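Residues per chain are reported as follows:
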Amino acid sequence: MQPAHAARTARRYEVISDEAAFRALQHEWDVLWSRANGHYYQSFSYCWLAWRHVSKPHGRRLKCIVCREGGQLVMIWPLETCRRALWTYLVPLGPEGGDYTSVLVRDGEAAPALIAGAWDTARRRCGADFIHLQYVRETLDLYTLVARERSVLFAEAHNAFAARLRGRGERNGWDDYCRTLGTLFGKRPGGFAKRLSREGKVAVRVVDPAEESETASIVEWMLNCKRSWSDRVGKRSAWLDSPEYECFLAKLIHSPDVPSMARLIVVTLNEAPVAAIIVSVGNPWASAIFAGYDPYYGRCCPGLVAVEACVKWAFDNGFDLDFGVGNERFKAYWSRGEGSTAWTVRTVNSLWGLLAIRGWRLARYLGARVKSLREAGAASPEAARVFTRDGKRATRVS
């Protein structure tokens, strides 16, 4: 058996910034992802599509950290850098949306050490002034490492929910499973579909991934619905207006370059779409990626019909289903209240970054100081008077 120190000696970390070298990892990456039961956002297919259709067109730089032991690929952490004003940020590869941040690593006792090496490599060899990691589960070794940093700029907690469905279909059918659930907004599973059916003929189907034109059309429709929703609630993401992001979502469902990573589930009313959801293929965890619904039928809750169809699809295929972060009631309902916490964390990683923080804090302090002096001056009785040229006092007229 190989001694532990010999394994560490043979361990080699590398930061891949070349696209061709990144592409050449596909076979080894796919093997590691399958064996490690990786999430969809850790797959080569997702990362390649994200790089080609989102990150590269926006001028970001590839920083994919890999580790080999005895020549074998045992760890991958796909990252990228972007410029914001005068500073460089290191962030996870892909659109800044609802995906978690985690390291794809071979299972085993060495996993914590491999992740620690990845974090050290990110800090020392990627040339970042700041490191920004979104949605790191607090149960991960990566979170423990980041939380220990003395240079944490901010950390924000988010609730996350996931439904454990694997094995339930083998013991009981869908109807039996639904009978074990309570109600959501006063309705049991199937209730929202019945409400929607009062408006016409309701159908739910999974779009054939090979139907590229239909997929692209529905994805475009979903984004339009999402933009309308975001305007109403005052939440707007830059990615919603990005044609590259729209293309990326469609490519997740079908691409000639890599295997399909997602399915598109559509709810139609009188053969017209009223809700749709994109869900990743499970390994064994599936993930709800993106959803949209027609606000005209909002009172009928077509979005909840799509969510239920997504849960049933995962149930029928033997997948667990991750809903991601957020406090929406349907997430807690389908997850039976089984939640967790994920953190968005930003750390300062260079002297230049530290100077920026001190400069920003000084500017805020001076701004607040000037504001307080102005308010104090405006409240002073003496400040309300002015002198005329002959030295007499006169009351200021506002």
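Structure: see above.
Computed from a predicted structure; not experimentally measured. In this convention, every chain numbers its residues from 1, walking through the sequence in written order. The predicted nature of this model means local features are confined to residues of pLDDT at least 70 and side-chain atom pairs, given and counted, to a pLDDT of 80 or more, with totals for whole chains, interfaces and linings taken over all residues. Calculated side-chain values reflect all of the structure's heavy atoms, with hydrogen atoms and water omitted.

Our focus in this paragraph is the packing of helix H10 (residues 212–233) against helix H11 (residues 243–253). Relative placement of two packed helices is described by the angle separating their axes and the distance separating the axes. Note on geometry: axes are C-alpha line fits, over the in-contact stretch for helices, and angles between N-to-C directions span 0 to 180 degrees. By definition, any uninterrupted DSSP run of H or I lasting at least four residues is a helix, any uninterrupted run of E lasting at least two residues is a strand, and each is numbered from the N terminus. Direction vectors running N to C along H10 and H11 enclose 135 degrees, while the axes themselves pass 9 Å from each other. Between H10 and H11, the crossing angle belongs to the class labelled oblique. Judged by the twist between their axes, the crossing of H10 over H11 is right-handed. Taken together, the residues of H11 that come into contact with H10 (itself represented by Thr215, Val219, Glu220, Leu223 and Arg227) are Tyr245, Glu246, Leu249, Ala250 and Ile253. Per-class residue counts for the contact of H10 with H11 are six nonpolar, one polar and three charged. Working rule for angles: under 35 degrees goes down as roughly parallel, over 145 as roughly antiparallel, 65 to 115 as roughly perpendicular, anything else as oblique. Crossing handedness is read from the near helix: turned anticlockwise from the far helix by less than a right angle, it gives a left-handed crossing, and turned clockwise, a right-handed one. Between two residues, a contact is recorded if the distance between any of their heavy atoms is within 4.5 Å. Residue classes follow a fixed rule: Ala, Val, Leu, Ile, Met, Phe, Trp, Tyr, Cys and Pro count as nonpolar, while Asp, Glu, Lys and Arg count as charged, and any other residue, Gly among them, counts as polar.

Next up on the list: the packing of aromatic side chains. Aromatic rings from Phe, Tyr and Trp, with only the six-membered ring used for Trp, were paired whenever their centres fell within 6.5 Å, and each pair was classed as stacked if the ring planes differed by under 30 degrees, edge-to-face if by over 60, and tilted otherwise. Under the definition given, this model contains 24 aromatic pairs. A centroid spacing of 5.9 Å and a plane angle of 85 degrees characterise the contact between Tyr40 and Tyr41, whose relative ring orientation is edge-to-face. Between buried and exposed lies partly exposed: a residue is buried under 20% and exposed over 50% of the maximum accessible area for its type, with that area taken using a 1.4 Å probe on protein chains only. Look at Tyr41 and you get buried, because its relative accessible area is 9%. On the numbers, 5.8 Å between centres and 25 degrees between planes, the contact of Tyr143 with Trp343 is stacked. Pair noted here: Tyr143 is in helix H6 (residues 141–147) and Trp343 is in strand S13 (residues 339–348), with a separation of 200 residues, a long-range link.

Okay, the pairing of strand S2 (residues 61–69) next. The buried fraction of S2 is high, at eight of nine residues. We treat two strands as partners when DSSP finds at least two bridges between them. Two elements, S2 and strand S3 (residues 72–84), share nine bridges in a ladder whose sense is antiparallel. The partner of Arg61 across the bridge, within S3, is Thr81. From the end of S2 to the start of S3, which pair antiparallel, there are two residues, and Gly70 there has a positive phi angle of about 60 degrees.

Counting 51 residues, the largest nonpolar core has Phe22, Trp29, Phe248, Leu264 and Ile278 as the members making the most contacts within it. Sorting the residues of this core by element identifies helix H3 (26–35), helix H4 (44–55), S2, S3, H10, H11, strand S9 (262–269) and strand S10 (272–280) as the ones contributing at least two each. Sort the elements by how many residues they give to this core and H4 lands first, with eight residues. Discounting chain neighbours no more than four positions away, the residues touching Phe248 are Tyr46, Leu49, Ala50, His53, Val54 and Pro95. Of all hydrophobic cores here, the second largest spans 35 residues; its members include Val267, Ala275, Cys300 and Leu321. What makes a nonpolar core is a set of buried Ala, Val, Leu, Ile, Met, Phe, Trp, Tyr and Cys residues whose side-chain atoms join them at distances within 4.5 Å.

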